[in-house]
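One-letter residues, chain by chain:
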Amino acid sequence: MRPFTYARATTPDEAVDLYGEGSAYLGGGTNLVDLMRLGVALPSQLVDVTRLPYDRIEVDGDGLLIGATVRNSDLAAHAVVRERFPVLARAVLSGASGQIRNLATVGGNLLQRTRCSYFQDVTRPCNRRELGAGCSAREGDHHNLAIFGNTPECIATHPSDMAVALAALDANVVIHGRDEIPLDSLYGHDPVRNSTLEPGDLITHVRIPALDGMTGTYKKVRERASFAFALVSLAAAVDVKDGVIQDCRLALGGVAAKPWRARRAEAALRQAPATVPEFSRAADAELAGAEPLRGNAYKVDLARNLIVGTLSELAGAR
Ligand SMILES: Cc1cc2nc3c(=O)[nH]c(=O)nc-3n(C[C@H](O)[C@H](O)[C@H](O)COP(=O)(O)OP(=O)(O)OC[C@H]3O[C@@H](n4cnc5c(N)ncnc54)[C@H](O)[C@@H]3O)c2cc1C
């Protein structure tokens, strides 16, 4: 591991002042320190942000303001999160292990790096580590990689379960000294950048608006039950009245370099009867835009089944 210095900030201004060239903010360290051990991340200084005053979850009308240093386990256990936003509590609980969730922070979870094995292996070319080096995954093992938004440069997926739920919840990300931005803008469209943040940008909170009468849940398909990243996951929320879908939100995980908001499916579902054929039609509308590769075409069927099954369960449809 390359030598580095460590500094602990107690105020946001101090954190930003301490952050210099080559620095990285340190949350729980469960992703960053792993990447430092692997030689993928080479910060010269860690600025520990876990003592900043962002460790609270505040009820904000019918919404929530979640501090960036709230631990994942505290977020999932919070009474209001469990009661009003079960989609978020379930997503967080489906991620990692209890020990890791005890350390991992909200800010760090959103900015964790892809789990593409070629990104983590410094002996293999990877455009995310070094733009222009090439993408080993495209011709290699990509069974767990993206089917939406792929580019010649990169087919990585974003690993966060929490971010998928937050995408469905229309969450905003609050950045110190800047206007808050929609979660979707945090990830942007760049094929190789992890986020649209500039060096030194500090996430302070995540804001979730009211869910307006929708019920939601999070489902995740993975290769083992104990802990594993999503092959495909779905955050879904629907409002059904008299058998008709009034509103719905769908976000897929494990299929793109960012949480994939399934807006085509949402559009197909609004004001449609809450029936299995309509759910299938909506899933097909979304998945028509998928561009799977040789080794991950199975994800298209998996995503379709997940959308239809989850909506059927939420809407009590046959
Ligand atoms: C074995 C294992 C299994 C896992 N399984 C899953 C899973 O199934 N689902 C899932 O979602 N996750 C999973 N994870 C990942 C885990 O959720 C992340 O490692 C964790 O959420 C990262 O949070 P952290 O606070 O430790 O981040 P850190 O490792 O401290 O930081 C991650 C990144 O965020 C940046 N950062 C941290 N805080 C801020 C801030 N406030 N502002 C700006 N930048 C910041 C850091 O500089 C770094 O770049 C797993 C991890 C492991 C080790």
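Look a little higher up for the structure.
Residue indices follow the written sequence of each chain, beginning from 1 at its first position. Only residues with pLDDT of at least 70 are given local features in this predicted model, and only at 80 or more are side-chain atom pairs given and counted; all residues enter the totals for whole chains, interfaces and linings. In computing side-chain properties, one takes all heavy atoms of the structure into account and sets aside hydrogens as well as water.

1. Structural notes on the nonpolar core
In summary, soluble globular proteins display a tendency toward joint burial of nonpolar side chains. Residues Ile66, Leu75, Leu88, Leu110, Leu166 and Ile208 are the most contacted members of the largest nonpolar core, which totals 42 residues. Helix numbering and strand numbering both begin at the N terminus, where a helix is a DSSP run of H or I of at least 4 residues and a strand a DSSP run of E of at least 2. Broken down by element, this core gets its largest block of residues, seven residues, from helix H9 (residues 161–168). Apart from the residues lying within four places of it in its own chain, the contact partners of Leu166 are Leu88, Leu110, Ala171, Leu183, Val206 and Ile208. Definition used in this section: a nonpolar core is a set of buried Ala, Val, Leu, Ile, Met, Phe, Trp, Tyr and Cys residues joined via side-chain atoms within 4.5 Å. The classification of residues rests on relative accessible area computed with a 1.4 Å probe and restricted to protein chains. Under 20% of the type maximum is buried, over 50% is exposed, and intermediate values are partly exposed. Core analysis: the second largest hydrophobic core is formed by 28 residues, Ala236, Ile245, Leu250 and Ala283 among them. Whether two residues touch is decided by their heavy atoms; if any such pair falls within 4.5 Å, the residues are in contact.

2. Section: the packing of aromatic side chains
Within a pair of aromatic rings, the relevant descriptors are the distance that separates the centres and the angle that separates the planes. We call Phe, Tyr and Trp rings a pair once their centres come within 6.5 Å, taking the six-membered ring for Trp, and we label the pair stacked below 30 degrees between planes, edge-to-face above 60, and tilted otherwise. Per the stated rule, a full pass over the model turns up two aromatic pairs. Consider the rings of Tyr19 and Tyr25, whose centres lie 4.7 Å apart with planes at 50 degrees: the pair is tilted. Judged by its relative accessible area of 18%, Tyr25 falls in the buried class. Judged by centre distance (4.6 Å) and plane angle (10 degrees), the ring pair of Phe148 and Trp260 falls under stacked. With Phe148 in the loop between helix H8 (136–139) and H9 and Trp260 in strand S12 (residues 260–261), the pair connects residues that are 112 residues apart, well separated along the chain. Overall, Trp260 belongs to the partly exposed group, its relative accessible area being 22%.

3. Observations concerning H9
With eight of its eight residues buried, H9 lies for the most part within the structure. Capping of H9 at its N-terminal end is provided by Ser160; its side-chain oxygen lies 3.3 Å from the backbone amide nitrogen of Met162. Asp170, located one to two residues past H9, shows a positive phi value of around 60 degrees. What qualifies as a polar contact is a pair of N or O atoms within 3.5 Å, subject to a donor-acceptor requirement within protein and to the restriction that residues adjacent in sequence count only when both atoms come from side chains.

4. Considering the side chain of Ser136
Here Ser136 shows up in helix H8. From its side chain, Ser136 meets the backbone oxygen of Pro125 in a polar contact 2.6 Å long. Look past the residues within four positions of Ser136 in its chain and what remains in contact with it is Tyr118, Arg124 and Pro125.

5. So, unusual backbone geometry
You will see that Asp170, though not glycine, has its phi angle at about 60 degrees, which is positive. Position of Asp170 relative to the elements: it lies in the loop between H9 and strand S6 (172–175). Look at Asp170 and you get partly exposed, because its relative accessible area is 35%. The backbone of Asp212 sits at a positive phi, close to 50 degrees, despite the residue not being glycine. Assignment of secondary structure puts Asp212 in the loop between strand S8 (203–208) and strand S9 (215–222). Overall, the relative accessible area of 57% leaves Asp212 in the exposed class.

6. A look at the packing of helix H12 (residues 276–287) against helix H13 (residues 298–315)
Only the stretch in contact is used when fitting a helix axis, every axis being a line fitted to C-alpha atoms; angles between N-to-C directions are given from 0 to 180 degrees. Direction vectors running N to C along H12 and H13 enclose 145 degrees, while the axes themselves pass 9 Å from each other. Crossing hand, H12 versus H13: right-handed. Contacts between H12 and H13 involve Val276, Phe279, Ser280, Ala283, Asp284 and Leu287 from the former and Val300, Ala303, Arg304, Ile307, Val308, Leu311, Ser312 and Ala315 from the latter. Basically, the charged four are Asp, Glu, Lys and Arg, the nonpolar ten are Ala, Val, Leu, Ile, Met, Phe, Trp, Tyr, Cys and Pro, and anything else, Gly included, counts as polar. Taken together, the residues that form the contact of H12 with H13 break down as 10 nonpolar, two polar and two charged. Working rule for handedness: look at the near helix, and if it is turned counterclockwise from the far one by less than a right angle, call the crossing left-handed; if clockwise, right-handed.

7. Considering the site of the ligand
The criterion for a residue being near a molecule or strand is simple. One of its heavy atoms has to lie within 4 Å of it. Residues in contact with the ligand amount to 31 residues; listed here are only the nearest, Tyr25, Thr30, Leu32, Thr105 and Asp161. A distance of 2.7 Å separates an oxygen atom of the ligand from a polar side-chain atom of Thr30. Taking Pro159, its main chain carries an N or O atom lying 3.3 Å from an oxygen atom of the ligand. The fraction of the free accessible surface of the ligand (980 Å²) that becomes covered by protein chains is 91%. Elements represented by at least two residues in the shell around the ligand include exactly strand S2 (23–26), helix H2 (32–37) and helix H7 (106–110). For the shell around the ligand, the leading source of residues is H7, giving three residues. Tallied by class, residues from the shell around the ligand come to 13 nonpolar, 13 polar and five charged. Segmentation into domains, and thus their bounds, comes from an automatic or database assignment. Counting contributing residues, the shell around the ligand receives three or more from each of domain 1 (5–50) and domain 2 (215–315). Reported accessibility uses the Shrake-Rupley method at a 1.4 Å probe radius. Residues are deemed covered only where the shown protein chains occlude them.

8. Description of the pairing of S2
The side chains of a regular strand alternate, residue by residue, between the two faces of the sheet. Along S2, one buried face is formed by Ser23 and Tyr25 and the opposite face, lined by Ala24 and Leu26, is buried too. As paired elements, S2 and strand S3 (residues 45–48) share four bridges and run parallel to each other. Considered in S3, the bridge of Ser23 is made with Gln45. Assignment of crossover handedness uses the view with strands pointing away from the viewer, where a clockwise path from the first strand over the helix to the second indicates a right-handed crossover. Regarding topology, H2 serves as the crossover connection from S2 to the parallel S3, and that connection is right-handed. Pairing between two strands requires that DSSP report at least two bridges joining them.

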